[in-house]
Amino acid sequence: MDEFQKQKNRCLSSTDNSIKGSIDAKILSLVQLINENKDYFTTSSCSGRIMIFRKVNQLKSKNCESLFVTHDSITEDDVNFLLNGQIEDSVIFKFEPFVLHVQCRTMNHARLLLKAALTSGFRNSGIVLGKKERLIVAVRSTQTLEVPLTNQGAMLISQDYLYFLLQVANEKMDDNDLRIRKFEVSFHSTTLSEETKCKKSKSSTRRSQKDSLQSVSTAQASTKNCSYEDGLLNFSDLFKESDF
């Protein structure tokens, strides 16, 4: 077992440390497809989410409390609690698109994955050299949306604008889901095409080696035959030229 496979086994057998503790349903088939390939494995993922969170301290980014999170679309009923004026701190509305990190066996495998991501609309994707020179492809886009809703309990936007934000976020989520499906198809076709090329290359190499061996055998046999016939001719010539 090579080092890459050992790393893959350790990663996939470890505990999911995310808050949810499991892979999002809408990307489960994609993650399984990637992890079934011997040259890739996922290290982290999120299908995309719409969230509303409260920021208790503006100076500390980690000091936040989640008020609402969904990996699907959001409705007006989901945000009506903001309109009753009971939120005292600063509240932020945010859409985060799909993100996926995949470790790759070689740079060539990383390039293939990156190509599939870019052609599927994830224009902010790239290759990262991680610890111990691990090749990580980060699949991501630029669809992020972040809007402050309240400041110290005071509503900053109107109800109409709040509902408009929901519409924008849902449109982004729909587009996000479409890109995920495109990426899954693109990854499958790209890796399948690469496997086919490798098989053809190996088959061609074996045929070439076989042809070379046959050529060598034929040449050796031909050399032996020529030597034998030449020997007979030379032997006959001796009798022709003798003085008997």
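Going by the structure above, here's the rest.
Keep in mind that what you see is a predicted model, and the values were worked out from it rather than measured. (Residues numbered from 1 in each chain as written. Predicted model: local features only at pLDDT ≥ 70, side-chain atom pairs only at ≥ 80, totals over all residues. Heavy atoms only, no water.)

Colleague: Any chance you could explain the sheet that holds strand S8 (residues 145–151) here in plain terms?
Modeller: The strands making up a sheet associate through hydrogen bonds between their backbones, and the pairing can be parallel or antiparallel. A sheet is described by the order of its strands in space; here 5 strands give the open sequence S3-S2-S4-S8-S9, paired in antiparallel fashion. A strand with exactly one partner marks an edge of an open sheet, and here the two such strands are strand S3 (64–70) and strand S9 (154–155). Relative to S8, strand S4 (residues 90–96) runs antiparallel, the two being bridged by 5 bridges. Considered in S8, the bridge of Lys-94 is made with Glu-146. (Pairing = 2+ DSSP bridges. Helix = DSSP H or I, 4+ residues; strand = E, 2+ residues; numbered from the N terminus.)

Colleague: I keep staring at the nonpolar core and nothing clicks. Help me out?
Modeller: One broad trend across soluble globular proteins is that nonpolar side chains are buried collectively. Counting 21 residues, the largest nonpolar core has Ile-52, Ile-74, Val-79, Leu-82, Phe-93 and Leu-149 as its most contacted members. Counting residues per element, the ones that place at least two in this core are strand S2 (49–55), S4, S8 and helix H4 (159–240). Here this core gets 7 residues from one element, more than from any other, and that element is H4. With sequence-adjacent residues up to four places away left out, Phe-93 is seen in contact with Ile-50, Met-51, Ile-52, Ile-74, Leu-145, Glu-146, Val-147, Leu-149, Leu-165, Leu-166 and Ala-169. (Core = buried A, V, L, I, M, F, W, Y, C linked by side-chain atoms within 4.5 Å. Buried < 20%, exposed > 50% of the residue type's maximum accessible area, 1.4 Å probe, protein only. Contact = heavy atoms within 4.5 Å.)

Colleague: In this structure, what is going on with the pairing of S2? I would like to understand it.
Modeller: Sheet faces and side chains relate simply in a regular strand, where the side chains alternate between the two faces. Along S2, 6 of the 7 residues are buried, which leaves the element largely enclosed by surrounding structure. Of the strand pairs in this sheet, S2 and S4 are connected by 7 bridges, and their pairing is antiparallel. The residue bridging Met-51 from the neighbouring strand is Lys-94, located in S4. Judged from the 6 bridges that link them, S2 and S3 form a sheet pairing that is antiparallel.

Colleague: For this particular structure, what's the right way to read the pairing of strand S5 (residues 99–104)?
Modeller: Pairing geometry for strand S1 (residues 40–46) and S5, over 6 bridges, is antiparallel. Across the sheet, the residue bridging to Tyr-40 is Cys-104, located in S5. In this sheet, strand S7 (residues 135–139) lies alongside S5 in antiparallel orientation, the contact comprising 5 bridges. In the sheet register, Gln-103 faces S7, and the bridge partner there is Ile-136.

Colleague: Where do I start with the environment of Leu-83 in this structure?
Modeller: Following the sequence through the fold, Leu-83 ends up in the loop between S3 and S4. For Leu-83, a relative accessible area of 35% corresponds to the partly exposed category. The contact partners of Leu-83, leaving out residues within four places of it in the chain, are Met-155, Gln-159, Leu-162 and Tyr-163.

Colleague: Any chance you could explain the packing of aromatic side chains here in plain terms?
Modeller: Here the distance between the centres and the angle between the planes together describe a pair of aromatic rings. All chains considered together, the criterion is met by 5 aromatic pairs. Taking 5.4 Å as the distance between ring centres and 55 degrees as the angle between the ring planes, the aromatic pair formed by Phe-4 and Phe-41 counts as tilted. Here the residue Phe-4 occupies a position in helix H1 (residues 3–13), and Phe-41 occupies one in strand S1, the gap between them amounting to 37 residues. Measuring from ring centre to ring centre gives 5.9 Å for Tyr-161 and Phe-164, while their planes differ by 40 degrees; the resulting arrangement is tilted. On the criterion of helical spacing, the pair formed by Tyr-161 and Phe-164 is a turn pair, its members being 3 residues apart in helix H4. Accessibility expressed as a relative area gives 37% for Tyr-161, which makes it partly exposed. (Phe/Tyr/Trp six-rings, centres within 6.5 Å; stacked < 30°, edge-to-face > 60°.)

Colleague: I'm lost on the side chain of Glu-96 in this one. Help?
Modeller: Structurally, the position occupied by Glu-96 is in strand S4. At a separation of 2.6 Å, a polar atom in the side chain of Glu-96 contacts the side chain of Arg-49. Looking at Glu-96, its side chain comes within polar contact range of the side chain of Lys-94, at 3.2 Å. Once you skip the residues sitting within four places of it in the chain, Glu-96 turns out to touch Gly-48, Arg-49 and Met-51. (Polar contact = N/O pair within 3.5 Å; in protein donor to acceptor, adjacent residues only side chain to side chain.)

Colleague: Hey, could you run me through helix H3 (residues 107–119) in this one?
Modeller: In an α-helix, one full turn covers 3.6 residues, which means residues spaced three or four apart are oriented alike. When the terminal C-alpha atoms of H3 are compared, their 18 Å separation across 13 residues agrees well with the 18 Å that a helix rising 1.5 Å per residue should span. Of the residues making up H3, those classed as buried are His-109, Ala-110, Leu-112, Leu-113, Leu-114, Ala-116 and Ala-117. The first or second residue beyond H3 is Gly-121, which carries a positive phi of 105 degrees. (Expected span 1.5 Å × (residues − 1).)

Colleague: I'm lost on helix H2 (residues 28–35) in this one. Help?
Modeller: Within H2, the full set of buried residues consists of Leu-30, Val-31, Ile-34 and Asn-35. The arc that holds every buried residue of H2, seen down its axis, measures 125 degrees, which confines them to one face. (Arc of directions from axis to C-beta.)

Colleague: Just checking my understanding: could you explain the pattern of salt bridges for this structure?
Modeller: Any two side chains of opposite charge can pair if their charged atoms end up close together. Taken as a whole and assessed by the stated rule, the structure comprises 12 salt bridges. The salt bridge involving Lys-26 is made with Asp-177; its shortest N-O contact spans 3.0 Å. Taken together, the residues Lys-26 in the loop between H1 and H2 and Asp-177 in helix H4 connect sequence positions 151 residues apart. Members of the salt-bridge network, linked through shared partners, are Asp-2, Lys-38, Asp-39 and Arg-105. (Salt bridge = Lys/Arg side-chain N within 4 Å of Asp/Glu carboxyl O.)

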